[in-house]
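# A look at the structure
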Number of protein chains: 2
Amino acid sequence: MKVALIQNKHFGNKKKSVKNTVCDIRTASVQGAELIILQELHQSEYFCQSEDPKFFLYAESWEEDIRYWSKIAKENSVVLVTSLFEKRTAGLYHNTAVVFEKDGTVAGKYRKMHIPDDPGFYEKFYFTPGDLGFEPIQTSLGKLGVLICWDQWYPEAARLMTLKGADMLIYPTAIGWFDEDSKKEKKRQLESWITIQRSHAIANGLPVLSCNRVGFEKDASAVMDGIHFWGNSFVCDSQGEMLAQAGEEKSILYAEIDKQRVKEVRDMWPFLRDRRIDAYADLEKRYCD
Amino acid sequence: MKVALIQNKHFGNKKKSVKNTVCDIRTASVQGAELIILQELHQSEYFCQSEDPKFFLYAESWEEDIRYWSKIAKENSVVLVTSLFEKRTAGLYHNTAVVFEKDGTVAGKYRKMHIPDDPGFYEKFYFTPGDLGFEPIQTSLGKLGVLICWDQWYPEAARLMTLKGADMLIYPTAIGWFDEDSKKEKKRQLESWITIQRSHAIANGLPVLSCNRVGFEKDASAVMDGIHFWGNSFVCDSQGEMLAQAGEEKSILYAEIDKQRVKEVRDMWPFLRDRRIDAYADLEKRYCD
């Protein structure tokens, strides 16, 4: 199965960004990709760099956005993983991945469960933590374990998707560097980000597809300079081996997913067999003090 | 704090192997190491390549072994992490790490919780799964999150040690290649092994110290050729950055652990803050079917 990750930059406004993304979806579809992954909040800039209620306006188009991407999935006959700003009611919003089937129907959605809140990433202001749990989304291409960005640092999230039968793990994401950090610190951060996600592939015997954005985006509040999104979208197989990796430029990243390989790797490295579920109760505690 | 990992080979019998290990402990102690880690089952060959009750004889010296390594820890005034074959009673054995304080007292022990059983690694025949849980061991150098080999593939084990206040994660291990595997497969296995352990550092904001054995050891049953233990013992910091890494030869690997760095990294990457403990109950299930 051929997949495509569309690693894009923000083009200044929604219309231009969406147009550019749609153009890439068409290209990827023509190239034979059946599953297409978009980056986190691909319709807009990463607006969480500051806390400003004006950005809730972006979520007003939630239902219209779903109709729009449904049409795109159908037109291109692809399973499409989008990342949208969900308005549930006034004062209640989510960071939500909506997955569309090849015929344009909604296969399912995932509301980001782990929400960060750190300088430049003020997501707790915007997004209510998800309440749909860690449920893979059934599609014609298999059960997709869709998680979002900050979730990628949590082995628990990947494990739960695996225990619920996910065929692969998918992370739309938006992560980058602050220019004031040292070159060494930037390298450490990028390596950490790749390593933790590859480890989910290894621990669970599942392919991982991670789609990040690129480009520099200014902090709208001018408190900080802005974020330089580091790209490096990648696909690794169920043993953690890199199948494809993008650089720091806008690109469409293709990879072939071999679903038979999951069984081979899992049978050879049967980690699920030996989990000590009798001794894991404290995982549900905040801290054991 | 200076640590030393003694990556050794088996010298054909217990007497020679122990003598060699003690010599390395003295060297490391003279070099200023305060914490010394030995590889898994360092007193003998890795006898789990076949299932043979004769090897239970190795556990008969369990109490004597404790007295011996206690003396070595005291003589060198180091905190010493050993890996021994515990006889609890006839027909009931464990793969147990015993940690000694600088004065030779037993600081605590950890019984390997996750037990593998795969061609060449028939541990379920020898070792009853641990029943002491995931409890870090308090020493004068901090709380040591000691786990053993197969545990290293389980994010749950590392997380539980973290939630219980571990200051670092320590893995005595014995893992290697079969010569019949391809070069590419060997590379994948080694990379997986390094990646999963670095990921525990990243997910938990803790240094990881992993001590493996080296050398080729024949399968005593002659069913398979044997195992080529791949060494590559390493120490990484709480962001997953490699501080020191050994090759495939016998060696003493030194590293400096900066305990202040744990706080810095954890405060900057506060993953423990955002865990969705309300949604982790299914981690205690074997599979959600």
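Looking at an unreviewed UniProt entry, chain A carries the name N-carbamoylputrescine amidase, with the source organism given as uncultured Sulfurovum sp.

All right, on to the interface of chain B and chain A then. How big an interface is tends to be reported as the loss of accessible area on association of its parts. With 56 residues of chain B in contact, the opposing surface of chain A contributes 56 residues. On the chain B side of the contact with chain A, L283, E284 and R286 of chain B bury the most area, a combined 12% of that side's loss. Where chain B touches chain A, the interface holds 14 salt bridges. Across the pair R159 of chain A and E156 of chain B runs a salt bridge, and its minimum N-O distance is 2.7 Å. Our enumeration of links across chain B and chain A arrives at 39 residue pairs in polar contact (both at pLDDT 80 or more). Every element with two or more residues in the side of chain B that touches chain A is listed here: α4 (155-163), α5 (183-204) and α6 (259-268) of chain B. Of all the elements, α5 of chain B adds the most residues to the side of chain B that touches chain A, at twelve residues. Class assignment of the residues belonging to the side of chain B that touches chain A gives a composition of 26 nonpolar, nine polar and 21 charged.

Further remarks concern the pairing of strand β1 (residues 2-7) of chain B. All names here are of chain B. Across the six residues of β1, five count as buried, placing the element largely inside the fold. Of the pairings in the sheet, the one linking β1 to strand β15 (residues 251-256) comprises six bridges and is antiparallel in character. Looking across to β15, one finds that Q7 is bridged to S251. Alignment of β1 against strand β2 (residues 35-38), held across four bridges, turns out to be parallel. Each bridged residue has a counterpart across the sheet, and for L5 the counterpart in β2 is I37.

Now for the relation of the copies chain B and chain A. Overlay of chain B on chain A (RMSD 0.0 Å): rotation 180 degrees, translation along the axis 0.0 Å. Such a turn and shift between the copies fits a two-fold axis. In this assembly the copies share their binding face: 100% of the residues contributing to the interface of chain B also contribute to that of chain A.

All names here are of chain A. Its location among the elements puts A73 in helix α2 (residues 62-76). A73 gets classed as buried once you look at its relative accessible area, which sits at 0%. Setting aside residues no more than four positions away along its own chain, A73 makes contact with V78, L80, F100, E101 and K102.

Counted under the stated rule, the structure contains 62 salt bridges over all chains. For R111 of chain B, the salt bridge is made with E86 of chain B, and the minimal N-O distance between the two is 2.8 Å. With R111 of chain B in strand β5 (residues 106-111) and E86 of chain B in strand β3 (residues 79-89), this residue pair connects regions lying 25 residues apart in the sequence. Shared partners join several salt bridges into a network, and the residues in it are E86, R88, K109, R111 and D131 of chain A.

On to the packing of helix α1 (residues 14-30) of chain A against α2 of chain A. All names here are of chain A. Interhelical geometry of α1 versus α2 gives an angle of 25 degrees and a closest axis separation of 10 Å. One element, α1, and the other, α2, form an angle in the roughly parallel class. When you trace α1 past α2, the crossing you get is right-handed. Where α1 abuts α2, its residues K14, V18, T21, V22, I25, R26 and S29 lie against D65, Y68, W69, I72, E75 and N76. Counted by class, the contact of α1 with α2 contains six nonpolar, three polar and four charged residues.

Rules used in this analysis
Residues numbered from 1 in each chain as written. Chains lettered and ligands numbered in written order. Predicted model: local features only at pLDDT ≥ 70, side-chain atom pairs only at ≥ 80, totals over all residues. Heavy atoms only, no water. Contact = heavy atoms within 4.5 Å. Buried area = accessible area lost by both parts, 1.4 Å probe. Salt bridge = Lys/Arg side-chain N within 4 Å of Asp/Glu carboxyl O. Polar contact = N/O pair within 3.5 Å; in protein donor to acceptor, adjacent residues only side chain to side chain. Helix = DSSP H or I, 4+ residues; strand = E, 2+ residues; numbered from the N terminus. Nonpolar A, V, L, I, M, F, W, Y, C, P; charged D, E, K, R; others polar. Buried < 20%, exposed > 50% of the residue type's maximum accessible area, 1.4 Å probe, protein only. Pairing = 2+ DSSP bridges. Least-squares fit on C-alpha atoms with pLDDT ≥ 70 in both. Axes fitted to C-alpha atoms, helices over the stretch in contact; angles between N-to-C directions. Parallel < 35°, antiparallel > 145°, perpendicular 65-115°, else oblique. Left-handed = near helix turned anticlockwise from the far one by under 90°.

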